[in-house]
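Tertiary structure, described
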Amino acid sequence: METPVSREPIAADLFTWPAEEPALVGGRCAECARFTFPLRDGCPYCGATAMARHELDRHGTLWSWTSQGFLPKPPYNGQLADPENFTPWYVGLVEIPGQLRVESLLVDCDQDSLAFGMPMRLVVVPFRREEDGREIVTFAFAPAHTPEESRA
Amino acid sequence: MPDLAIIGVGVHPFGRFPGKSALRIGAEAARLALADAGLRWTDMQFAVGGSFEVDQPDAVVAELGLTGLPFTNVYNGCATAGSALALARQTIRTGDHQLGLVLGLDKHESGAFTADPADYACPPWYGEMGLFLTTKFFGMKINRYMHDHGITHGTLAAVAAKNYRNGGLNPNAHRRKALTPEEILASRMVNYPLTQYMFCSPNEGAAAAVVCSAEVAHRYTDTPIYVRGVATRTRRYGAFEVHTPSAAVDHVPAPTVEAAKAAFEAAGIGPEDVDIAQLQDTDAGAEVIHMAETGLCADGEQDALVAAGATEITGRLPINTDGGLIANGEPVGASGLRQVAELVNQMRRRAGDRQVPKDLRVGMAQLYGAPGVAAVTILTT
């Protein structure tokens, strides 16, 4: 069993890691209070360069989704499906109430189990294994099945 | 009185032309437009050119003639033609020139577009995760739209089938084989609910228009088509757009909505006046959504309109009579001028087998693409 520490995030400070309950690292504008993800220099609403690091809430609802029915060309660099025996995965837009809609991979789901408005929670999942053995992880949203998971 | 008139159009066929450069393809479209206007390249006082793959479309002067004219290169993604026409309009409004050529040309490799996410203000991980894909955006957008407004899978298939059928009547189209809605629905699922045959694909082609000051248009033709409004817009905070790692919870209208509003205001007419439209059908769902975003119908009315045949060549509101992007493919720099050329040919009643059998006084062309840019052009007789 690997410890979370040996698993490297796909990008620095994209989500809190290692963490029992990881959160996406976004930004909130000190002038207009709007959110953005990922954190960037300028506010996408008012343009002020006053974005403060802000960890987004870990729970949301599914606003939209689609299947990924083909292996993307580079810059895609993951191992989400076997290139020789491709099976689709799912992506979606998860609405974090009062904050943002975030594009994300969706895991632990299939076409029949996805429903608009269903509760989702942030997870960190294996994304690819480097040739030197390092495991790269990234964020995804998974259905939040229990009342506790969905913070109902 | 409008500022700008179109007095000639030309389209090089859209498709695959191995061994033929983008500039040669573009030069042919330019020559066709010039011939249509009864003019020569040496008559042109200025030119505007747009291309994704060719950094400087002005290099086409090597083919057309080294006349020394001012030639401005314009690139604005899928909305390139809108920006090119807008620049031509401004050039003529200033009085600097009265007569010019607007040209779009491109030659793409097969398959979905790829680029560096950084060039679209997106972080590297967005590309690594496979999220930097236009097709999945269109899948998510129409999936939600269908949920909100009751659009059916059958309507998506019917829209694609119409565009292939219209493409079959267009000698310049790339995909001219009719496909049934059943074949379209049964093709490979690319990004749910969009199947392979519901998508357009990047390819090769060129289109051109000869434009002049509206004041002098009748010197050149009895049937000028006037540009009454042309507007481009980018996305606002809150719009859900291509290549958007996050969007605000409070939704705002898409850039097409705002571009259409501005173009109609400039034209002094409304969407209810439109007799024929060319919409950005990157996929069948995009045509459905853009019908409402441009104001041609209300959200949710598309199912009934499509089922009644309203958007067919013989219908009340013909849309993409030349087969649209689905049948023609998308050479990005040329696509919007293809739309305009089709409107001009229809409004001049010389569209051959696909001529709309009614009076056409107002035409609208709409473009949309990454990373959230739109253009709308209003034409009248």
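The following refers to the structure shown. These numbers come from a predicted model, not from an experiment.

Describing the overall build of chain B
Secondary structure summary: chain B contains 12 helices and 12 strands in total. What you see for chain B is a C-alpha radius of gyration of 19 Å, in line with the 21 Å of a compact globule of 381 residues. Along the three orthogonal principal directions, the C-alpha set of chain B runs to about 55 × 50 × 40 Å. For chain B, the share of sequence-separated contacts (at least 6 apart) that also reach a separation of at least 24 residues comes to 75%.

Details of the pattern of salt bridges
This model, assessed by the stated rule, comprises 27 salt bridges over all chains. When the shortest N-O distance is used, the salt bridge between glutamate 130 of chain A and arginine 128 of chain A registers 3.4 Å. With relative accessibility at 23%, the residue glutamate 130 of chain A sits in the partly exposed group. Between aspartate 148 of chain B and arginine 144 of chain B there is a salt bridge, and its shortest N-O distance comes to 3.2 Å. You can see aspartate 148 of chain B and its partner arginine 144 of chain B sitting in helix H5 (residues 134–149), four residues apart, about one turn around the helix. Residue aspartate 148 of chain B is classed as partly exposed on the basis of its relative accessible area, which comes to 39%.

A closer look at the pairing of strand S2 (residues 25–29) of chain A
All names here are of chain A. Counting buried residues in S2 gives four out of five residues, a clear majority hidden from the surface. Pairing of S2 with strand S4 (residues 51–55), which is carried by five bridges, proceeds in the antiparallel orientation. Residue valine 25 lies in a different strand from S4, and its bridge partner there is glutamate 55. Where S2 and strand S3 (residues 35–36) come together, two bridges link them in antiparallel fashion. What sits directly across from arginine 28, in S3, is phenylalanine 35. Hairpin remark: S2 followed by S3, antiparallel, with five residues in the connecting loop; positive phi at alanine 33, about 70 degrees.

Analysis parameters
- Residues numbered from 1 in each chain as written.
- Chains lettered and ligands numbered in written order.
- Predicted model: local features only at pLDDT ≥ 70, side-chain atom pairs only at ≥ 80, totals over all residues.
- Heavy atoms only, no water.
- Helix = DSSP H or I, 4+ residues; strand = E, 2+ residues; numbered from the N terminus.
- Rg over C-alpha atoms; globule rule 2.2 N^0.38 Å.
- Contact = heavy atoms within 4.5 Å.
- Salt bridge = Lys/Arg side-chain N within 4 Å of Asp/Glu carboxyl O.
- Buried < 20%, exposed > 50% of the residue type's maximum accessible area, 1.4 Å probe, protein only.
- Pairing = 2+ DSSP bridges.

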